[in-house]
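So you can see what is in the structure, the chains are spelled out below.
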Amino acid sequence: IRPPPRSTLSPYTTLSRSGRPLAHHEVQYLPDVAPSEAQPLVEALRRAGLTVATAESCTGGALAALLTGVPRASEAVAGGIVAYSDHAKQHLLQIPPDLLERHGAISRECAVAMAEQARRTLHADVGAGITGVIGTPVDGIPPGTIWVGAAGPGGTRCELLHSKGGPEANRADAMRCALRLARSE
């Protein structure tokens, strides 16, 4: 199968692995964030002899995929954990159940704990944690409400995003924020 001529593709057309445009009912999951946006973080970590680990909920591993798309990422990326459910957060990241009960999975406390646990679990110098609502509301929390945490030698930082785009734009905002926070650690 040959892909359609370039002129028939919009900037938002996604091609499958075979080169065909995705059908209307097929949804592109990965946000439009280029590996070049992660390159400064990966290179800074490599130069400093440091590593980063991710713990992701609403971004579903997209940040880890982005980081590993950078050349020589294996020298700076320890790994990533996708902990989408509360059960996964508790069992993969050792997030205390009482933290989730008191503050909820979509909270500053959870994002910071995810970043700290990614760092600890994967023996990395810097951890990034992302949790939030990407698409439809959850427990009255509107889409675009995303907490991004980073933990490193310099301490922890956390930011609350109120993204106004669709799911892909919200994921992209969260990933860009995580890159910025991780670089500051």
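Residues numbered from 1 in each chain as written. Predicted model: local features only at pLDDT ≥ 70, side-chain atom pairs only at ≥ 80, totals over all residues. Heavy atoms only, no water.

Chemist: Describe the sheet that holds strand 3 (residues 126-132), and please don't skip the residues or the numbers.
Modeler: The mixed open sheet is built from five strands, whose spatial order is 2-1-3-4-5. In this open sheet, the two strands that pair with only one neighbour each are strand 2 (77-82) and strand 5 (155-162). For this sheet the average axis-to-axis angle between neighbouring strands, irrespective of direction, equals 10 degrees. As paired strands, strand 3 and strand 4 (residues 145-152) are joined by six bridges and run antiparallel to one another. If you follow Ile130 over to strand 4, its bridge partner there is Val148. Relative to strand 5, helix 6 (residues 167-184) is tilted by about 160 degrees, and along the sheet it contacts strand 3, strand 4 and strand 5. (Pairing = 2+ DSSP bridges. Helix = DSSP H or I, 4+ residues; strand = E, 2+ residues; numbered from the N terminus. Axes fitted to C-alpha atoms, helices over the stretch in contact; angles between N-to-C directions. Contact = heavy atoms within 4.5 Å.)

Chemist: How would you summarise the nonpolar core if you had to cite specific residues and measurements?
Modeler: Counting 31 residues, the largest nonpolar core has Leu63, Leu67, Ile130, Ile146, Val148 and Leu179 as its most contacted members. Of all elements in the fold, only helix 1 (35-48), helix 2 (62-68), strand 3, strand 4 and helix 6 reach the threshold of two or more residues within this core. For this core, the leading source of residues is helix 6, giving eight residues. Ignoring sequence-local partners within four residues, the contact set of Ile146 consists of Cys58, Ile130, Thr131, Gly132, Val133, Ile134, Glu159, Leu160, Leu161, Ser163, Asn170 and Ala174. In this structure, Ala53, Ile81, Ala118 and Ala124 belong to the second largest nonpolar core, which totals 15 residues. (Core = buried A, V, L, I, M, F, W, Y, C linked by side-chain atoms within 4.5 Å. Buried < 20%, exposed > 50% of the residue type's maximum accessible area, 1.4 Å probe, protein only.)

Chemist: Break down the side chain of Thr145 for me, with residues and values.
Modeler: Turning to its location among the elements, Thr145 is positioned in strand 4. For Thr145, a relative accessible area of 9% translates into the label buried. One polar contact links the side chain of Thr145 to the main-chain carbonyl oxygen of Pro142, over a distance of 2.8 Å. (Polar contact = N/O pair within 3.5 Å; in protein donor to acceptor, adjacent residues only side chain to side chain.)

Chemist: If you had to explain the pattern of salt bridges to someone new, which residues and values would you point to?
Modeler: Evaluation of the coordinates by the stated rule reveals five salt bridges. A salt bridge links Arg102 to Asp98, with the nearest nitrogen and oxygen atoms 3.1 Å apart. Within this pair, Arg102 and its partner Asp98 are both found in helix 4 (residues 97-103), separated by four residues, close to a single helical turn. Exposure remark for Arg102: the relative accessible area of 57% places this residue in the exposed category. Connected via shared salt-bridge partners are Arg46, Arg72 and Glu75. (Salt bridge = Lys/Arg side-chain N within 4 Å of Asp/Glu carboxyl O.)

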